[in-house]
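A closer look at the structure
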Amino acid sequence: MISLILTFFIISPFIIINDKDVDSQYLTLASSLSYSYATLGILGLIFVFLKITFVPLFFILTIIFLLFLTKKFYRKKLFYLFERFFEKIKFVNNLENYKKTLKYFYFILFLLLIVSVGPINHSDTANIYVGYPYKFFINNSHFIDGNLNQGLMGIGDFANIFYFQEKTTWLIRTSQFLPLILLFFYMLKRKISNIYFFVFLTSPVFIQWLTIGKNNFLSESCLALCFLVWEKKKDKAYLPHLFSTIFIAISFKISAILISIPIILYVLFFYINKGFIFNFKNIFRNFSLPLIFSFFILIAIISYRYFLINNPFYPLFSTYFNPGDQQLLDWEETLRTWDRAGFFPLWLFIPKTFGKISFVLGPANLFLIIISAFYFFRKFIPNNAKLNVGLYQLILLLLFSQGRADYYMAPLILVSLGSPRLFKKDFKFIGQKFNKVLRSFLVLVFFVQFSMFLISTLYSIALVSYVIFDYEAGMNKTAYNYYNSQKINKSAELPVLSEITGMTHLYFDGPFIANQKFDKCFYYDKSIQDNQRYKICMQREGVKTIIVKKNKLKNNYSFVCKSENLIRASRNIFLEEKLEVDFCKLK
């Protein structure tokens, strides 16, 4: 976090747009935050390949920042930037629209800040997005271990190396809170409806965005904010920053293509209708250093994915880049259809089970989007760019993305701010009696969503408090594979393979074999006889101990096994499961 803040302070004064538009400062702050995180990401990637992860970047950045402070022009710009931001805070505090509600909005924002502080305990993050950078950091080198998830890392994940340098890993999650501060004041400045803003802030999925430790919320919320600023004035001077944040968002997570396409098309159609001529001279005139830098960032992560898997657009287009690799083709299909079974659009808003209440957008957001879409398509208001783009983003995500609510942050922001204020006259056609029933039902829906948000928030705060009180017990109970990693390290001969729970890079420092690397031999090598698969694949991959379900290899005379107990821990402590397993070795 220290490196991120310093990088932001160094970059932001050079991104200031000198115009009279009061919103341009939000563009400066949002794009600077995006550039800063991307800068740390590319530096992390460079440090890994140069084997200099031990070099304290925060110390170098501190020296650069202090040197800049000796320059009058820099101090003047930095102070100007923050003076303007504090002026905007004062402006929002004095808005008559929020005289009665602002204190409650501040309270919700404070709750989200508290929630964002804590350890990395999410399974995917601990193994991939923070786990790999941790291993790169402690090993001071890059490695490829055959886990196909490694190719899912974005450029922003390499920034986590510097959190380990600074020993501020509990703030990896908090970095995702920073763009929310900008969104909070900007949406209020744009005079969003009190009800819409309440619904937005109490989206239960905020708990996921701010506690998992992935960084796509930061990149995509900065992109959404930059689009909102451009959309208001439609100034060409803003375009380089808008497209820069698009490149960065895609370099963080390739699924950002889906939210970028409607933005790009809207911008293109707008300027075409205005008679803008798209020739090289006009396009080149809008080039800037941040735009070139962000494009370089995108090329860097594309090249990294090609280096890993021979597919620059992984996990897409495996049919074209990896046509003979059935494992990759199957994995792409798994990712494409993840959580898309049945009525998955409904489960994006309403939890399928009680344990999923913090994984959804919330029922109030469902009604907000339905009402906004109904109003938009009934009256067709193409000039409402926020609603137009937000709804088309939503459609693309429903068609092509995984069935997870955390992909829907950008359309949620745009639809919340773009939804027109609705009055009684807008619902005359449905009848007065039904209108009263509808309003009562909506009050109930808003209450249910707020209850879901509050339960998730207090539960998350309780989990972190438990870990603070007793770190080992708390992590054993709430962090996937934390307990197992310690037990395996004591009881197994390494390298180890856990067929039951897999292994987690963040918690296990010893050598292990990635499940997908072993699976390539076990499931996809058809030349091996079925009764010899475990033996041959263990020998081929150098596995000394394999952890399997109890008694699975009991009758296999090639193995000697001993029974142990592991646990399948979860951030939802009610889902904890005790596992009876065997630790088996070849005779």
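Cut-off values and rules
Residues numbered from 1 in each chain as written. Predicted model: local features only at pLDDT ≥ 70, side-chain atom pairs only at ≥ 80, totals over all residues. Heavy atoms only, no water. Patch = residues over 30% accessible without salt bridge, like charges linked within 9 Å, V, L, I, M, F, W, Y side chains within 5 Å. Areas by Shrake-Rupley, 256 points an atom, 1.4 Å probe, with all protein chains shown as cover. Salt bridge = Lys/Arg side-chain N within 4 Å of Asp/Glu carboxyl O. Helix = DSSP H or I, 4+ residues; strand = E, 2+ residues; numbered from the N terminus. Expected span 1.5 Å × (residues − 1). Buried < 20%, exposed > 50% of the residue type's maximum accessible area, 1.4 Å probe, protein only. Axes fitted to C-alpha atoms, helices over the stretch in contact; angles between N-to-C directions. Parallel < 35°, antiparallel > 145°, perpendicular 65-115°, else oblique. Left-handed = near helix turned anticlockwise from the far one by under 90°. Contact = heavy atoms within 4.5 Å. Nonpolar A, V, L, I, M, F, W, Y, C, P; charged D, E, K, R; others polar. Disulfide = S-S within 2.5 Å. Phe/Tyr/Trp six-rings, centres within 6.5 Å; stacked < 30°, edge-to-face > 60°. Pairing = 2+ DSSP bridges. Core = buried A, V, L, I, M, F, W, Y, C linked by side-chain atoms within 4.5 Å.

Let us look at a nonpolar patch on the surface. Side chains of F59, I60, I63, I64 and L67 sit close together on the surface and give an oily, nonpolar patch of about 430 Å² of accessible area. Relative to the helices and strands, I63 is located in helix α3 (residues 57-69).

Once that is clear, we can look at helix α12 (residues 216-233). End to end, α12 covers 26 Å across 18 residues, agreeing with the expected 26 Å (1.5 Å per residue, within 8%). Burial within α12 is extensive, with 16 of its 18 residues counted as buried. Phi turns positive one or two residues past the end of α12, at K234, with a value near 55°.

Before going further, it helps to examine the packing of helix α26 (residues 515-522) against helix α27 (residues 533-541). Axis separation between α26 and α27 bottoms out at 9 Å; the angle between their running directions is 125°. Taken together, α26 and α27 sit at an angle that is classed as oblique. As α26 packs across α27, the resulting crossing turns out to be right-handed. Together, K517, F518, C521 and F522 of α26 and R533, Y534, C537, M538, R540 and E541 of α27 make up the contact between the two elements. Here the residues of the contact of α26 with α27 sort into six nonpolar, no polar and four charged.

Glancing now at the pattern of salt bridges. What the rule picks out here adds up to 17 salt bridges. Taking the shortest distance from any N to any O, the salt bridge between D235 and K233 comes out at 3.8 Å. Among the residues examined, D235 registers a relative accessible area of 22% and is labelled partly exposed. K517 is the salt-bridge partner of E541, the closest N and O atoms lying 3.8 Å from each other.

A few words on the state of the cysteines. Following the criterion strictly, the structure yields two disulfides and no others. The disulfide that involves C521 links it to C537, with 2.0 Å between the sulfurs. Because the torsion about its S-S bond is -90°, the bridge between C521 and C537 counts as left-handed. Residue C521 is found in helix α26, and its partner C537 is found in helix α27; the two are separated by 16 residues along the sequence. Classification of C521 by relative accessible area gives buried; the value is 3%. The partner cysteine of C561 in its disulfide is C584, sulfur to sulfur 2.0 Å. Judged by the sign of its S-S torsion, about 115°, the cystine formed by C561 and C584 is right-handed. Of this pair, C561 sits in strand β3 (residues 559-568) while C584 sits in strand β4 (residues 577-586), and the two are 23 residues apart along the sequence. On the accessibility criterion, C561 (33% relative accessible area) is partly exposed. Not part of a disulfide, C222 finds its nearest cysteine sulfur in C226, a span of 6.6 Å.

Below, the discussion takes up the packing of aromatic side chains. Under the criterion given, the structure shown has 53 aromatic pairs. Taking 6.1 Å as the distance between ring centres and 40° as the angle between the ring planes, the aromatic pair formed by Y132 and F136 counts as tilted. Pair noted here: Y132 and F136 are both in helix α7 (residues 131-139), with a separation of four residues, about one helical turn. On the accessibility criterion, Y132 (0% relative accessible area) is buried. Note on Y134 and F164: the rings are 5.1 Å apart at their centroids and 50° apart in plane angle, and the pair reads as tilted.

To continue, consider the pairing of β4. As judged from the four bridges shared by strand β2 (residues 545-549) and β4, these two strands associate in the antiparallel manner. Looking at β4, one finds that I547 is bridged to F583. With ten bridges connecting them, β3 and β4 associate as antiparallel partners. The residue bridging I567 from the neighbouring strand is K578, located in β4.

Now for the environment of R190. In this fold, R190 is placed in the loop between α9 (178-189) and α10 (194-201). Sequence spacing of R190 and S34 is 156 residues, and the spatial spacing of their C-alpha atoms is 22 Å. Residues within four places of R190 in sequence aside, it is in contact with D23, L228, E231, K232, K386 and L417.

Turning next to the nonpolar core. Membership of the largest hydrophobic core comes to 155 residues, with the highest contact counts inside it found for L112, L188, F197, F227, W230 and L242. In terms of residue count, helix α2 (residues 24-50) provides more of this core than any other element does, 13 residues in total. In this view, F227 contacts L242, I263, Y266, A385, V389 and L414; residues no more than four positions away in its chain are not counted. Core analysis: the second largest hydrophobic core is formed by 15 residues, L497, I528, M538 and V548 among them.

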